[in-house]
Amino acid sequence: MSDQKDKLKNLKTSSVDRRLSIVKASLLAGTRWATSNATSIFSSEEEKERKRKRALKEQADYLVSEIGKLKGSIVKIGQMMALYGEHFLPEEVTQALNTLNNQTVALEWNAIQPHLAQELGSKIHDLEINPEPIGTASLAQVHRAKRKSDGLEIVLKIQYPGVAAAIDSDMNLFKSMLKLTHIVPQTREFDQWFEEVREMMHREVDYHIEAATTRRFAQYLQNDTRYIVPQIIDEYCTSQVLCMTFEQGLPVNSPVMLSLPQRRRNQLGEAALDIAIRELFEWGEMQTDPNFGNYLVRLGDGDVQQDQIVLLDFGAIRQFDQTLLKVAHALIAAGYHHDLDMMVSAMTGYDFFDNIPVSIKPDMAKVFLLATEPFSSLDNNPDIPAGIMDEENRYHWKQSQLHSRVMQRASKSMASRYFSIPPKEFMFISRKFIGAYTFMTVLDAQTNVRKMVQPFM
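This section reports on the structure supplied with the text. (Residues numbered from 1 in each chain as written. Predicted model: local features only at pLDDT ≥ 70, side-chain atom pairs only at ≥ 80, totals over all residues. Heavy atoms only, no water.)

## A word on the environment of glutamate 196
Tracing the backbone through its elements, the reader meets glutamate 196 in helix α7 (residues 188-204). With a relative accessible area of 4%, glutamate 196 lands in the buried category. (Helix = DSSP H or I, 4+ residues; strand = E, 2+ residues; numbered from the N terminus. Buried < 20%, exposed > 50% of the residue type's maximum accessible area, 1.4 Å probe, protein only.)

## What to know about the packing of helix α11 (residues 322-337) against helix α18 (residues 424-443)
It is at 11 Å that the axes of α11 and α18 come closest, and there the two elements cross at 50°. With respect to each other, α11 and α18 are oriented oblique. Considering only the axes of α11 and α18, their crossing is right-handed. In contact with Leu324, Val327 and Leu331 of α11, α18 contributes Glu425, Phe426 and Ile429. (Axes fitted to C-alpha atoms, helices over the stretch in contact; angles between N-to-C directions. Parallel < 35°, antiparallel > 145°, perpendicular 65-115°, else oblique. Left-handed = near helix turned anticlockwise from the far one by under 90°. Contact = heavy atoms within 4.5 Å.)

## Thoughts on the packing of aromatic side chains
By the definition in use, this model includes 11 aromatic pairs. An aromatic cluster is present here, built from Phe217, Tyr220, Trp283 and Phe314 joined pairwise through their rings. It is arginine 144 that lies over the ring of phenylalanine 246; its NZ or CZ is 3.7 Å from the centre. Over the aromatic face of tyrosine 336 sits the side chain of arginine 450, whose NZ or CZ is 3.8 Å from the ring centroid. (Phe/Tyr/Trp six-rings, centres within 6.5 Å; stacked < 30°, edge-to-face > 60°. Lys NZ or Arg CZ within 6 Å of the ring centre and 35° of its normal.)

## Section: the pairing of strand β5 (residues 140-147)
Of all eight residues that make up β5, six are buried, and the element is covered over most of its length. Alignment of strand β3 (residues 127-129) against β5, held across three bridges, turns out to be antiparallel. In the strand pairing of β5, isoleucine 129 is matched with alanine 145. In the sheet, strand β4 (residues 135-136) pairs with β5 via two bridges, with the strands oriented antiparallel. What sits directly across from glycine 135, in β5, is valine 142. (Pairing = 2+ DSSP bridges.)

Here is the structure:
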């Protein structure tokens, strides 16, 4: 979420206004693209490629700047494409889309207060609400408040008016824009992923679902003091307003985090990854948005009172079927044992793997073995680079550069074309683990991942 001081006086909620803005931007970008290609006809191949990349970057930057002005679901779609699009989008496009995370400008209180009053009715008079938001995102903004009767500190996540109703039209607009500008190859896999994003968007704007999910995760973690889940205050919840207790904490990437002793950073890192493992092995559902804005750290005293992770957002929850979970468990087990044959055997029982030629499965399995390196040990994995894991199987995340090594190995793999657009379900799981890996890298944590997954092996 952003805390920018500039505010919008109103939103372009009219489908006609939004359609005109996107069509205009798409046509201009398409014209630029065609002009760029025309001027490259007599250039060398190297010069053509350089011009193509430059034109693509300019085109993507322009489109993103236009999208950012519209706010709402179309911005969220762009953010999700930045998050998961590395598998099928050009690098220039994902870099441009990533800037959408910094374009979440707040809506003025005079514009959002009537919407809140309509949602809460007379109950709005129970509250003292701070008109300055403490956070803004593409779909909503968050305001602190106090219940007058008992002084309870709460937050109100207020969805922007008209956002939910605009999702389908915004999705269609975004897809039309991609076709007009030729940014993304129109394939069956991309269509499937796009429909998955559509479903997730509809779930994310239904705050009754998020409230229920928040309560469910609070129950999962009720006996684990490493985590804090805000309490839902049903009295002030609607389908477009989510009310919960205000929870204090520091951002994960705060400089204060790196000043903590190594032991405390290690414990926070273990907690960050342990929840991802439990989501996959125990609960069968996962918070798939690894954005740092969805977490806070409440510091203890380093002695009696432990440090805790505050879990803030349960909107992007993805539930997985037993077939997928069985395959995912088998892949991690193969990584735990660092066994190539076991990894190849695990790559079955799912359409994506069953459609891969048997001859190239071992090559793909080697990529998965590298990706699951933290789950192995010095005893069974002679390929772990020196200094990455200590004698107690603690993995040094910052030194490992694991993500870049995996991407490099995948790009050189005989199965590289199958890595370009993996199944959407695996995409969500991989992003969650990449998010947890990044969490530990930022903390410079050293964690024994093997110990966490051992009970499930």
